[in-house]
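So the chains spell out like this:
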Amino acid sequence: MATETHGEEGGLAFHPMDQFIVKPLFGDGPVGIVTITNVTFWMALAVLCVVALLVLGTRGRALVPTRTQSIAELAYGFVYRMVEDVVGKDGLRYFPYIMTLFMFIVFSNFLGLLPLSFTTTSHIAVTAVMAIVVFLTVTVIGFVKNGAGFFGLFWIQAAPLVLRPILAVIEVISYFVRPVSHSIRLAGNMMAGHAVIKVFATFAAIAAISPLSVLAITAIYALETLVSFIQAYVFAILTCVYLRDALHPHH
Amino acid sequence: MATEAADAANGAAESSVGMPQLDFSTFPNQVFWLVVTLVVIYLVLSRVALPRIAEVLAARQGAITSDIATAEELKQKAANAEEAYERALAEARAEAGRIAAEAKAEMQAEVDAAIERADVEIAAKAAKSEVRINEIRKSAAEAVRDVARSAAGDVVAALGVKVDGAAIDAAVAAQMKG
């Protein structure tokens, strides 16, 4: 976003992707593995928000909740019910894990909507790590809980015997595509929305179409607010679905 | 993306790749901080936040359940009280009815006695009056006879016939009988 100014001489300068650049927070050095970058900063903010909502918000332990506490309880109940409904009672062991993913994504998405902010969840590196961790966890749980029976996930009993090998191939492919779609869905949604807002913001420099551009930004911002929540929800519920497959591989 | 040309023109070092998302040199950094973030959030949630919220929700559920039980109990009490009240009311009503009937019967008896007494008195008075009327009637008949006798004696004397008293008496008696 800081690069907005250095293209003025050549008329309109589109830099919709510059907002996603990872750079050190202090100084201009290279981005090493433990360098404090804008990623660090915005992830730390997400942690602080989670702590503020779920820990500070509930420190009163009030029987009649305060506003913050009731939002925290709402978030808790929302994810808890999701895990219970989708995975089942035996999935509640993994509830803190799913809650962690959901709260992190929700706060990262919403923090990313702040002007001049950096959206950590728009980075494929971030979402891919989460998706791969989910994929590995689910696969490990599947084999630990069901042993070789986990392969039953790919061997569909309901289908005619002739079709089963073909379906098995398709199932195996779709199983391994899961982390890809899981991660790209979130990163793609976040990136596209922010990039589009940025493009419209650039158009706002032209006086003639700036009112239209501002309107469009407002509309897309509203849409992005919705998308921010929905994508977090989708990520969490897909994790639940994969977890259910791991716990109960026979449909 | 339309940025490629602009980026090339700018020659901006950091945006030499079209998508910063595909700048692999920043991946270790992002992954490292992501792992730190997720571990921190996980620890905070599983150690502090989630047990606390679960505890609060359970406490609230308990409070609601016990409140409902108390309300049920109070409702039962109210129903009992209402029943007792209804019963007392019915008893009172029956008692009132009984007292009213008793009073009515008493009054009826008094009235009957008074009427009887009055009847007796009236009968006594009527009998006395009857006697007096008979007396009056008898004395009237005596008087008529006396008047008839003296009038007959006078009329006969005026006609110049000499008749003794006994004959007149007999004649008057005969006439009055007729």
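What counts, and at which threshold
Residues numbered from 1 in each chain as written. Chains lettered and ligands numbered in written order. Predicted model: local features only at pLDDT ≥ 70, side-chain atom pairs only at ≥ 80, totals over all residues. Helix = DSSP H or I, 4+ residues; strand = E, 2+ residues; numbered from the N terminus. Buried ≥ 20, exposed ≤ 12 C-beta atoms within 10 Å, placed from the backbone. Contact = placed C-beta atoms within 7 Å. Nonpolar A, V, L, I, M, F, W, Y, C, P; charged D, E, K, R; others polar. Axes fitted to C-alpha atoms, helices over the stretch in contact; angles between N-to-C directions. Parallel < 35°, antiparallel > 145°, perpendicular 65-115°, else oblique. Core = buried A, V, L, I, M, F, W, Y, C linked by C-beta atoms within 7 Å. Expected span 1.5 Å × (residues − 1). pLDDT = per-residue confidence, 0-100. Left-handed = near helix turned anticlockwise from the far one by under 90°.

1. Remarks on the overall build of chain A
No. 1: Looking only at helices and strands, one finds six helices and zero strands in chain A.
No. 2: Summarising its shape, the C-alpha atoms of chain A cover approximately 65 × 55 × 40 Å along the three principal directions.
No. 3: Counting every position in chain A, which comprises 251 residues, the buried fraction comes to 37%.
No. 4: The contacts of chain A with a sequence gap of at least 6 include a subset with a gap of at least 24, amounting to 61%.

2. Describing the overall build of chain B
No. 1: Along the backbone of chain B there are three helices and zero strands.
No. 2: When the helices and strands of chain B are listed from N to C terminus, the series reads α-α-α.
No. 3: A total of 178 residues make up chain B; the buried ones form 12% of that total.

3. A short note on the interface of chain B and chain A
No. 1: Facing 41 residues of chain B, the contacting portion of chain A comprises 48 residues.
No. 2: Elements supplying a minimum of two residues to the side of chain B that touches chain A: helix 1 (3-10) and helix 2 (27-158) of chain B.
No. 3: The biggest single contributor to the side of chain B that touches chain A is helix 2 of chain B, with 26 residues.
No. 4: Among the residues making up the side of chain B that touches chain A, the classes are represented as 27 nonpolar, 11 polar and three charged.

4. Things to note about the packing of helix 5 (residues 163-203) of chain A against helix 6 (residues 210-247) of chain A
Residue and element names in this part refer to chain A.
No. 1: The contact between helix 5 and helix 6 brings their axes to 10 Å, and the two run at 170 degrees. With respect to helix 6, the axis of helix 5 lies roughly antiparallel. Residues Arg178, His182, Arg185, Leu186, Asn189, Met190, Gly193, Val196, Ile197, Phe200, Ala201 and Phe203 of helix 5 form the contact with helix 6, whose own contacting residues are Ser213, Ala216, Ile217, Ile220, Tyr221, Glu224, Val227, Gln231, Val234, Phe235, Leu238 and Tyr242.
No. 2: A class-by-class count of the residues in the contact of helix 5 with helix 6 yields 16 nonpolar, five polar and three charged.

5. Looking at the nonpolar core
Nonpolar side chains in soluble globular proteins tend to be buried together.
No. 1: Within the largest apolar cluster, 65 residues are counted, with the highest numbers of intra-cluster contacts made by Val79, Ile98, Phe102, Met103 and Ala236 of chain A.
No. 2: Elements with a minimum of two residues in this core: helix 1 (38-56), helix 2 (67-86), helix 3 (95-112), helix 4 (124-146), helix 5 and helix 6 of chain A together with helix 2 of chain B.
No. 3: Ranked by residues supplied to this core, first place goes to helix 3 of chain A with 11 residues.
No. 4: Discounting chain neighbours no more than four positions away, the residues touching Ala236 of chain A are Val79, Met82, Ile98, Leu101 and Phe102 of chain A.

6. Focus on helix 2 of chain A
No. 1: Between its terminal C-alpha atoms helix 2 of chain A stretches 28 Å, which fits the 28 Å expected from 20 residues at 1.5 Å a residue.
No. 2: Looking at helix 2 of chain A, one finds that the buried residues are Gln69, Ala72, Glu73, Ala75, Tyr76, Val79, Met82 and Val83 of chain A.
No. 3: The inward-facing, buried residues of helix 2 of chain A contact helix 1, helix 3 and helix 6 of chain A together with helix 2 of chain B.
No. 4: Count one or two residues on from helix 2 of chain A and you reach Gly88 of chain A, which has phi positive near 110 degrees.

7. As for the confidence of the model for chain A
The predicted coordinates of low-pLDDT regions are not to be read in fine detail.
All names here are of chain A.
No. 1: Mean pLDDT over chain A stands at 88; residues scoring 70 or higher make up 95%.
No. 2: For chain A, per-element mean pLDDT is lowest for helix 5, which scores 91, and highest for helix 3, which scores 95.
No. 3: A low-confidence stretch, residues 1-10 stays under pLDDT 50, and its non-local contacts, those more than four residues away or across chains, total 13 contacts.

8. A word on the packing of helix 4 of chain A against helix 5 of chain A
Residues and elements named next belong to chain A.
No. 1: Direction vectors running N to C along helix 4 and helix 5 enclose 145 degrees, while the axes themselves pass 8 Å from each other. Viewed along their axes, helix 4 and helix 5 form a crossing whose handedness is right-handed. Side by side, helix 4 and helix 5 meet where Ile124, Thr127, Ala128, Met130, Ala131, Ile132, Val134 and Phe135 of the first sit next to Arg178, Pro179, His182, Ser183, Ile184, Leu186 and Ala187 of the second.
No. 2: Tallied by class, the residues present in the contact of helix 4 with helix 5 amount to 11 nonpolar, three polar and one charged.

9. Here we look at the environment of His248 of chain A
Residue and element names in this part refer to chain A.
No. 1: Looking at where His248 falls in the secondary structure, it is placed in the segment after helix 6.
No. 2: Judged by C-beta crowding, with 17 C-beta atoms within 10 Å, His248 ranks as partly exposed.
No. 3: In this structure the C-alpha to C-alpha distance between His248 and Met191, which are 57 residues apart in sequence, comes to 35 Å.

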